[in-house]
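Residues per chain, in single letters:
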Number of protein chains: 4
Amino acid sequence: MIGRRLDVGILGSTGSVGQSFVAALADHPWFRVTWVAADERWVGRRYRDVASWRMSSPLPPAVAGLELQRSEPAGAPRLVFSGLDAAVAGDVETAFAAAGHVVLGNAGSHRMDDDVPRLVPEINPEHLALLERQAKVRRWPGRIVCGANGPTVVLAMVLAPLRRFGLRSVTVSTLQPIAGAGYPGVPALDIVGNVVPFIPGEEERVEDETRRVLGLFKKGKVAPHGVRISAQTTRVPVVHGHTALVSVAFESQPSLDDVRAAFTGFSGRPQAERLPSAPRRPLIYLDEPDRPQPRLDLDRGMSVLIGNLRRCPVLDCKFVALGNEVVRGAAGGALLSAELLSVDGLVQGGRPKRRARRGSAASR
Amino acid sequence: MIGRRLDVGILGSTGSVGQSFVAALADHPWFRVTWVAADERWVGRRYRDVASWRMSSPLPPAVAGLELQRSEPAGAPRLVFSGLDAAVAGDVETAFAAAGHVVLGNAGSHRMDDDVPRLVPEINPEHLALLERQAKVRRWPGRIVCGANGPTVVLAMVLAPLRRFGLRSVTVSTLQPIAGAGYPGVPALDIVGNVVPFIPGEEERVEDETRRVLGLFKKGKVAPHGVRISAQTTRVPVVHGHTALVSVAFESQPSLDDVRAAFTGFSGRPQAERLPSAPRRPLIYLDEPDRPQPRLDLDRGMSVLIGNLRRCPVLDCKFVALGNEVVRGAAGGALLSAELLSVDGLVQGGRPKRRARRGSAASR
Amino acid sequence: MIGRRLDVGILGSTGSVGQSFVAALADHPWFRVTWVAADERWVGRRYRDVASWRMSSPLPPAVAGLELQRSEPAGAPRLVFSGLDAAVAGDVETAFAAAGHVVLGNAGSHRMDDDVPRLVPEINPEHLALLERQAKVRRWPGRIVCGANGPTVVLAMVLAPLRRFGLRSVTVSTLQPIAGAGYPGVPALDIVGNVVPFIPGEEERVEDETRRVLGLFKKGKVAPHGVRISAQTTRVPVVHGHTALVSVAFESQPSLDDVRAAFTGFSGRPQAERLPSAPRRPLIYLDEPDRPQPRLDLDRGMSVLIGNLRRCPVLDCKFVALGNEVVRGAAGGALLSAELLSVDGLVQGGRPKRRARRGSAASR
Amino acid sequence: MIGRRLDVGILGSTGSVGQSFVAALADHPWFRVTWVAADERWVGRRYRDVASWRMSSPLPPAVAGLELQRSEPAGAPRLVFSGLDAAVAGDVETAFAAAGHVVLGNAGSHRMDDDVPRLVPEINPEHLALLERQAKVRRWPGRIVCGANGPTVVLAMVLAPLRRFGLRSVTVSTLQPIAGAGYPGVPALDIVGNVVPFIPGEEERVEDETRRVLGLFKKGKVAPHGVRISAQTTRVPVVHGHTALVSVAFESQPSLDDVRAAFTGFSGRPQAERLPSAPRRPLIYLDEPDRPQPRLDLDRGMSVLIGNLRRCPVLDCKFVALGNEVVRGAAGGALLSAELLSVDGLVQGGRPKRRARRGSAASR
């Protein structure tokens, strides 16, 4: 059965995001990492000798011994996850797509590209239809699919089931973790015992991306959702977990019970397809008024947690949301996307037969 | 000149708020602490032997040797600051007022009392007119004046100069410090590396108190301001400083420059009267987009700091505010109030002559 | 097979240590929690309604619905884990032993009792022979067995394999976590951004207990080991994990390789008996010079981690050690002790047959 | 009087150490900053436009407007403080000395130079005699004087008065602050909620430098003190303040009272000369057993704090020490050194006459 797993590669494999891909793909029932690329100067050395491993799970032995490759398509598997920094990701990922690879790309590097889906599998699987346009416009045999940035994923996940009530306006204040800035990322002197109330470009990113993720695919393109969003983004001395304080105004007048039911009943294609990384419940509502909290509630994998739903004196209702920046926001999101691509036949070769796909890496 | 200073007392003097009164009153040009009260079991012992001093400035020698008194009016000076917990403050403070004392009371213990001013001297000095009604209704020779709770003071201070534009709606997310919960206060296990997105009763407190502080005094009472306020209050692992993320919608359409000018031009009676504890500029606007920050900007004493003013896609404008929970919020606020009472002749005896009152404890 | 599990009870089940017992016993192959006791005022209520669950794993459903019992022996299972505070533990635990129960007691409450083993199963299983004396002296049908306090366990574990070189002197500086002080434990104001260089009584406790744990059982009692130990104990703003900086002087002159080999080769009865909670390797040596670290290395369960072994210019060698205060220090230690008691036939009833005992809760 | 102040310059003025020099020199009675140098690319721009000011005191206006200079001697004042990184400091500082400047250099860059005094003014002012040899060997008209690294200064300060008892052996465990690593320094991901038990090269540095600082000047050179020192150095999530856990063994047998008296009676030339930056008491002993603590006791300026002196079961006595890494360790130390050089006539020009030198920047 192991022999049937699809070979996958990782660009930028030794960095912070790259390592989280390596960790997330350990023991994956459908995929196995056989190709890891890194900066020119490390090419030819073993992964374990170059990567300064910082994940809390052990470095998978099958990857530890791999030889680091050039960031070039020749010899790479068809499916490639990219942990490259936004600054360099664009050109490299484009080169891979041009050479026929399916690339799960860095969200930041294709922000302006209308034909690159920003896929959050529970929310907008229909955006994958953009790939036809991408193939036509770009004239390339490969594909690029992106996720969204951590706080966007958390916000979009909790807004998705509320679209039925007519989203009118949303305010969100984020308390973002230091892990969200990568490594070395935030200097300790800036954040220990402190709040940094500004993250360059982040507010606009959250506002624009969320509308894009929630948008409808029609006539060959994605029309951003019309909801007005105002974000205030801060960094706090927390290691993991984006906390979002959200207020929403609706077109219709749902009761708090309606809203809560929309959260708890939310489900999408990852659940319907029983993808290996899909959380059973994408949104979990916690009843205690002082939850969710980063230190207590982040062991729920890819689920986004919600709590303290109540009336808002200015908009209609308000609540707290929490999601893991790595498990849900970056590596985990890309992995779930890859599983969806696989089920949809967009990644050829080695894909397990449908109907026999549920594996051991089941969600929590 | 020292001999002319007014004797003052402190209720709950050994606790966290009481200690901050002792520290704030050290070297005060108008007042000197001559009477300190504490729990029954400590009566008769020296202040220094009972108080486990936790302030960063040294324990003033003049207080260190004072003998702790019963929390009873007999023998206490006319002006008394109360550092009592809300749970016990009400009865004791009432007893002192009934015996003719002027009490700067715990905000929490008189929340429901319409005739107790919640004084923020820059904002609502006219609320002191309530004291006449208080005297009449309560039939007592003393007076009780309260401040407001930390996040309320920060919010009210930044909204006060915006009243001219017609405050319609306000959303505020607070990131509150552990010092705001007193001592022992928050267990370390609850907050280290964590965000607690809920503080019992705090949202309603901020919403109601702010409207009260901003309200107009007419026909013998204070009518709360009509602005709609929605607060989301959180605790973060920061020692000092309430950070508030604020959005405001106005009746009129001020430009951002108008709003900024309203902030920087704000001034009140403490400044006009040149009260010893009055900050020269009650509101300071910082130009760097990533300021104010608790660890870098809290050395401005009683000034509230504002930064990153920008358009809000949902309301009209948004910005970040920061204030020191002790210096501005509790002890400092009460001290400034006492100075105003003194200037207004509400605290008899030993008050320095007007025109000669600016002392050495000048604000920064 | 489930039917064969031994019923066990938990005293002080709703507190911080009690909850860690509940969590540690979830899915245990040999034991199942059927009896939980709490303070008088909660008796008769459901566990889930009283315990404010703070563990990161979910509350086991089988315990959630249990009705809280009085802290009295009647109706309790024979084997009882005690999460009671030292202040009240002594009398209650004594009452249970007098009524025939085997109690895994609070280390603090029997510190002065020569006939109560301080069991660290890898180190001193032979101390269980004290139980005969205990039975004789106390004239009771039950037994009390204790563990040791967190930093003691870490220190004793790393010194145990070095006894062969003749332990002469040991200095240890500990950097202890806030979780080690229980809940509510340390006030956040005392420890956020701070070091507290003093923990009342802790130095003497570490020095005395370590000698006791390492001591030899002869002639019916335990003679404390003769090594001289000097401890300096501090609290740091870390949630989990005791870090210990250790220097050791020996009678003989082992090389650093000898010392490292003693660490990595260390093993005891839990390993020989393959107890379900036994770590495969009680001591793990990490090669990177900057390890072990609390945030990166605490997922090794009951193993104690060691790193940076080097020559000491004053004593002979020095190194860093790290252990989890809950997993190794309290609940986990008691559980491993209970497993050893079970294998030795000291806990009757329901014990799995020898040779068939390795279960699914295998160590990491 | 202001007109008499000596012009001084700062190399590496915009960095973390450079900024602390600017802050420490604000309002200095003897010196004024008139020359600031920075990296080539910033030359010609104003200090305020380049330095991202991170000190908690405001940027002094007199420096804010200075134009940044090349790191070359031409045009620089005779006395120059160096905030350059060790990596580049050596060559630049050497060039300045060769051109006749007196350089207060980076401790790290002249570690191997026997003829560069590592001056801690209270401890070893006689080491300045090395400057004659430096002039002779180097054949330059200028001078280089260095301080020591933060934890070394703390340790050397507490050991200095104990030399009289015959220092035999010392063990020290340090808990070092993130500010000690400069800016950006330690990545937040490495230290938030964590202990890093290893700082590259730091142990040897503390051991060697401390012996050097405590050494005797004889026959034209400094002979390191013969005490054996063993250091274990860690980084903890504390912003400011080196905590050191120290044990000492003596040749003689002083009582604890003798040791305490040696601490409290310690004084040196900075005190005798009443240098403006000299703390009145270089060592302060705190009686509470749980002090000193970084968050509570760092407002004592250049004093090093000591507490919890007690018997050590392995060496002779042990205690806790605390010093501010900036105020005592880097900028403050260099400033005190410059004041001593000034009094000794080693910095010509503008020096205030002896007997009239005590200014307003008096120590606390």
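Everything that follows concerns the structure shown earlier in this document.
Owing to the predicted nature of the structure, the values given are computational and were not obtained by experimental measurement.

Novice: Please explain the interface of chain D and chain C as it appears in this structure.
Specialist: How big an interface is tends to be stated in terms of accessible area lost as the parts join. The interface of chain D with chain C comprises 45 residues on the first partner and 45 residues on the second. Summed over both partners, the interface of chain D with chain C comes to about 3500 Å²; 56% of that surface belongs to carbon and sulfur atoms. When the area that chain D buries against chain C is broken down by residue, the three leading residues are Gln232, Arg295 and Val314 of chain D, summing to 19%. Summed over the shared surface of chain D and chain C, the number is 6 salt bridges. A salt bridge links Glu203 of chain C to Lys318 of chain D; its shortest N-O distance comes to 3.5 Å. Inspection of the chain D/chain C interface yields 24 residue pairs in polar contact (both at pLDDT 80 or more). Of all the elements in the fold, those that place two or more residues in the side of chain D that touches chain C are β7 (167–176), α7 (188–191), α8 (202–213), β10 (228–235), β11 (242–250), α11 (294–297), β13 (304–311) and β14 (317–323) of chain D. Counting residues per element, the side of chain D that touches chain C draws most heavily on β10 of chain D, at 6 residues. Tallied by class, residues from the side of chain D that touches chain C come to 24 nonpolar, 12 polar and 9 charged.

Novice: Where do I start with helix α4 (residues 86–98) of chain D in this structure?
Specialist: At 3.6 residues per turn, the α-helix brings residues three or four places apart onto the same side. Residue and element names in this part refer to chain D. Counted at 1.5 Å a residue, the expected span for α4 with its 13 residues is 18 Å, and the 18 Å between its end C-alpha atoms agrees. Among all positions in α4, only Ala89, Gly90, Val92, Glu93, Phe96 and Ala97 are buried. The elements touched by buried residues of α4 are β1 (6–11), β2 (31–37), β4 (79–82), β5 (102–105) and β6 (143–146). Backbone geometry just downstream of α4 places Gly100 in the positive-phi region, at approximately 100°.

Novice: Before we go on, may I ask you to explain the interface of chain C and chain A in this structure?
Specialist: If you look at the interface, chain C gives 9 residues, while chain A gives 9 residues. Between chain C and chain A, a total of about 770 Å² is buried, with carbon and sulfur atoms accounting for 43% of that surface. Between chain C and chain A we count 0 salt bridges in total. Inspection of the chain C/chain A interface yields 0 residue pairs in polar contact (both at pLDDT 80 or more).

Novice: Sorry if this is basic, but what is going on with the relation of the copies chain C and chain A here?
Specialist: What relates the pair of chain copies is a rotation about an axis plus a shift along that axis. Superposition record for chain C on chain A: RMSD 0.0 Å, screw rotation 180°, translation along axis 0.0 Å. On the angle and the small slide along the axis, the relation comes out as a two-fold axis. Identified as the residue of chain C closest to the rotation axis by C-alpha distance is Gly193 of chain C, at 3.2 Å. When the interface residues of chain C are mapped onto chain A, 100% of them again fall at the interface, so both copies present the same face.

Novice: For this particular structure, what's the right way to read the pairing of strand β4 (residues 79–82) of chain B?
Specialist: Regular strands place side chains that alternate from one sheet face to the opposite one. Residue and element names in this part refer to chain B. Going residue by residue along β4, you find Leu79 and Phe81 tucked away on one face and Val80 and Ser82 tucked away on the opposite face as well. Strand direction decides the pairing type here: strand β1 (residues 6–11) and β4, joined by 4 bridges, are parallel. Of the residues in β4, the one forming a bridge with Ile10 is Phe81. Taken together, the 3 bridges between β4 and strand β5 (residues 102–105) define a ladder with parallel strand orientation. Bridged to Phe81 within β5 is Leu104. Following the backbone out of β4, through helix α4 (residues 86–98) and into the adjacent parallel β5, one traces a crossover that is right-handed.

Cut-offs applied
Residues numbered from 1 in each chain as written. Chains lettered and ligands numbered in written order. Predicted model: local features only at pLDDT ≥ 70, side-chain atom pairs only at ≥ 80, totals over all residues. Heavy atoms only, no water. Contact = heavy atoms within 4.5 Å. Buried area = accessible area lost by both parts, 1.4 Å probe. Salt bridge = Lys/Arg side-chain N within 4 Å of Asp/Glu carboxyl O. Polar contact = N/O pair within 3.5 Å; in protein donor to acceptor, adjacent residues only side chain to side chain. Helix = DSSP H or I, 4+ residues; strand = E, 2+ residues; numbered from the N terminus. Nonpolar A, V, L, I, M, F, W, Y, C, P; charged D, E, K, R; others polar. Expected span 1.5 Å × (residues − 1). Buried < 20%, exposed > 50% of the residue type's maximum accessible area, 1.4 Å probe, protein only. Least-squares fit on C-alpha atoms with pLDDT ≥ 70 in both. Pairing = 2+ DSSP bridges. Right-handed = clockwise from strand over helix to strand, strands pointing away.

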